Amino acid sequence: MSRAIRFAPLVLFLLVVAALVWRLAIPPDTNVHSTLEGRAVPTFSLAGAVPTKAGLASTDLATGQPHLLNIFASWCVPCVGEVKVLQQLKSQGVVIDGIAVRDRPEDLTDFLARNGDPYERIGSDLQSQVQIDLGSSGVPESFVIDGKGVIRYQHIGAIEPQDVSLILSKLEQAR
Amino acid sequence: MRRIILMAALIAAQPLLADSNLPPAYWSNRQLPDPKQEAQAEALMEQLRCLVCQGQSIADSDAELAGDMRDLVRRRIAAGQKPAEIRGWLIQRYGTWISYKPTSEPAAWPLWLAPLALLLIGVWLIGRRIKLKARA
């Protein structure tokens, strides 16, 4: 047996260690991205999530101007912090529609009264069916939708203050 | 005293629930009345990956979203859709990530070829050994 082959186990071991160190240092992206970017919003129609606000249908998203569609819930902790950022976006003229996942009207009314209400319309998605139809894997998530109702960008997780300029530029591109 | 209070507080502490207040979807934990359809749904659910507990199938996961996906699968099977159609519908939304069933895409070719390659290496090793023994 040649000399070089004797070192094969050691080389293999070092390769495994290198792979482990690499993946620990740069963890892979575990987010599941929707594959619907660049495609039209699936057809849906949701009843209003709170009595004081209109529900949301896919046709409401194709009005000629870009929309920010926010998937959220009153039981979702990061959504509380996100509302403030959404209100900042609203004050800059962004149209924000919401889909409340698995929510109750009384909880949602409470949530909006306490944290603020940046939403034009809120549809109630009682069994996450529209969420799944959109290829969304959790709350909060947001979609930038252009005037023709085509999904242009998916933002996974809460929109943080440092994401505002990104969202605004995506909305501008969708114009 | 302070330590005791702290310990008591820790014992009484509850994990923060990140779940909704709504009951599970109707078909999430209920079998379909038709055993044949239920078997079809079950087989498909075991091959669909949970979006929350990535690594579990939606059949195994307790996540609410997995429950809602089981409801979706059973509802569609009951309405007469084929499991392959439902899988395709989900792949359209989440990519092949959602399905545990290996595809025939180029990325999966090593997976299909590995057993064959290992078998050939084994045959070669045994062949060499037999030749060496015959010579000795």
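Computed from a predicted model, the values in this text were never measured in an experiment.

## Considerations on unusual backbone geometry
All names here are of chain A.
Right, on to step 1. In this model, valine 139 is joined to proline 140 through a cis peptide bond whose omega is -10 degrees.
Right, on to step 2. Looking at the secondary structure, you find proline 140 in the loop between helix H5 (129-133) and strand E6 (141-145).
Right, on to step 3. Even without a glycine there, the phi angle at arginine 102 is positive, about 50 degrees.
Right, on to step 4. Topologically, arginine 102 is positioned in the loop between strand E4 (95-101) and helix H4 (105-115).
Right, on to step 5. Looking at arginine 102, the number of C-beta atoms within 10 Å reads 25, which means it is buried.
Right, on to step 6. For serine 128, which is not glycine, the phi dihedral falls at a positive 55 degrees.

## A short note on the environment of aspartate 60 of chain B
Residues and elements named next belong to chain B.
Right, on to step 1. Position of aspartate 60 among the secondary structure elements: in the loop between helix H2 (35-45) and helix H3 (64-78).
Right, on to step 2. Using a count of 13 C-beta atoms within 10 Å as the deciding quantity, one classes aspartate 60 as partly exposed.
Right, on to step 3. The spacing of aspartate 60 and arginine 49 is 11 residues in sequence and 9.6 Å in space, taken between C-alpha atoms.

## Thoughts on the domain arrangement of chain B
Right, on to step 1. By domain assignment, chain B separates into domain 1 (21-101) and domain 2 (105-136).
Right, on to step 2. Put simply, the middle of domain 1 of chain B and the middle of domain 2 of chain B, counted by C-alpha atoms, are 39 Å apart.

## Points about the confidence of the model for chain B
Right, on to step 1. Residues of chain B with pLDDT of at least 70 account for 93%, and the chain-wide mean is 90.
Right, on to step 2. Between the elements of chain B, mean pLDDT differs from a low of 74, seen in helix H1 (residues 2-12) of chain B, to a high of 97, seen in H2 of chain B.

## Examining helix H5 (residues 109-135) of chain B
Right, on to step 1. Its 27 residues place the ends of H5 of chain B 39 Å apart at the C-alpha level, agreeing with the 39 Å of an ideal helix rising 1.5 Å per residue.
Right, on to step 2. A bend of about 30 degrees at proline 115 of chain B is the largest found in H5 of chain B.

## A short note on the interface of chain B and chain A
Right, on to step 1. The interface is formed by 20 residues belonging to chain B together with 20 residues belonging to chain A.
Right, on to step 2. Of all the elements in the fold, those that place two or more residues in the side of chain B that touches chain A are H3 and helix H4 (83-94) of chain B.
Right, on to step 3. Of all the elements, H3 of chain B adds the most residues to the side of chain B that touches chain A, at six residues.
Right, on to step 4. Class assignment for the residues of the side of chain B that touches chain A results in 10 nonpolar, five polar and five charged.

## So, the nonpolar core
Right, on to step 1. Ranked by size, the top nonpolar core spans 39 residues in total, and within it Leu68, Ala73, Ile99 and Ala100 of chain A carry the most contacts.
Right, on to step 2. Of all the secondary-structure elements, those providing two or more residues to this core are strand E3 (67-72), helix H3 (77-91), E4, H4, E6 and helix H6 (164-173) of chain A.
Right, on to step 3. In contact with leucine 68 of chain A, not counting residues within four places along its chain, are Leu89, Val94, Val95, Ile96, Ser142, Val144, Ile167 and Leu171 of chain A.
Right, on to step 4. By size, the runner-up hydrophobic cluster in this structure holds 19 residues, among which are Cys50, Leu65, Met69 and Tyr94 of chain B.

## So, the pairing of E6 of chain A
Residue and element names in this part refer to chain A.
Right, on to step 1. Summarising burial for E6: five of the five residues are buried, a large majority.
Right, on to step 2. Side-chain alternation along E6 places Glu141, Phe143 and Ile145 on one buried face and Ser142 and Val144 on a second face that is also buried.
Right, on to step 3. In this sheet, E6 lies alongside E3 in antiparallel orientation, the contact comprising five bridges. If you follow histidine 67 over to E6, its bridge partner there is isoleucine 145.
Right, on to step 4. With five bridges connecting them, E6 and strand E7 (residues 151-156) associate as antiparallel partners. What sits directly across from valine 144, in E7, is tyrosine 153.
Right, on to step 5. Linking two consecutive strands that pair antiparallel, namely E6 and E7, is a turn of five residues; a positive phi of about 85 degrees is found at glycine 149 within it.

## Some points on the environment of glutamine 92 of chain A
Residues and elements named next belong to chain A.
Right, on to step 1. Mapping glutamine 92 onto the fold places it in the loop between H3 and E4.
Right, on to step 2. When the 11 C-beta atoms within 10 Å are taken as the criterion, glutamine 92 is described as exposed.
Right, on to step 3. Here the alpha-carbon distance between glutamine 92 and leucine 168, two residues 76 residues apart in the chain, equals 9.0 Å.

## A few points about the pairing of strand E5 (residues 122-125) of chain A
Residues and elements named next belong to chain A.
Right, on to step 1. Neither face of E5 is exposed, since Ile122 and Ser124 on one face and Gly123 and Asp125 on the opposite face are all buried.
Right, on to step 2. Of the strand pairs in this sheet, E4 and E5 are connected by four bridges, and their pairing is parallel. The partner of isoleucine 99 across the bridge, within E5, is glycine 123.
Right, on to step 3. Each parallel crossover has a hand, and the one from E4 via H4 to E5 is right-handed.

The rules behind these values
Residues numbered from 1 in each chain as written. Chains lettered and ligands numbered in written order. Predicted model: local features only at pLDDT ≥ 70, side-chain atom pairs only at ≥ 80, totals over all residues. Helix = DSSP H or I, 4+ residues; strand = E, 2+ residues; numbered from the N terminus. Buried ≥ 20, exposed ≤ 12 C-beta atoms within 10 Å, placed from the backbone. Domains from an automatic or database assignment. pLDDT = per-residue confidence, 0-100. Expected span 1.5 Å × (residues − 1). Bend = angle between axes of the 7 residues up to and from the residue. Contact = placed C-beta atoms within 7 Å. Nonpolar A, V, L, I, M, F, W, Y, C, P; charged D, E, K, R; others polar. Core = buried A, V, L, I, M, F, W, Y, C linked by C-beta atoms within 7 Å. Pairing = 2+ DSSP bridges. Right-handed = clockwise from strand over helix to strand, strands pointing away.

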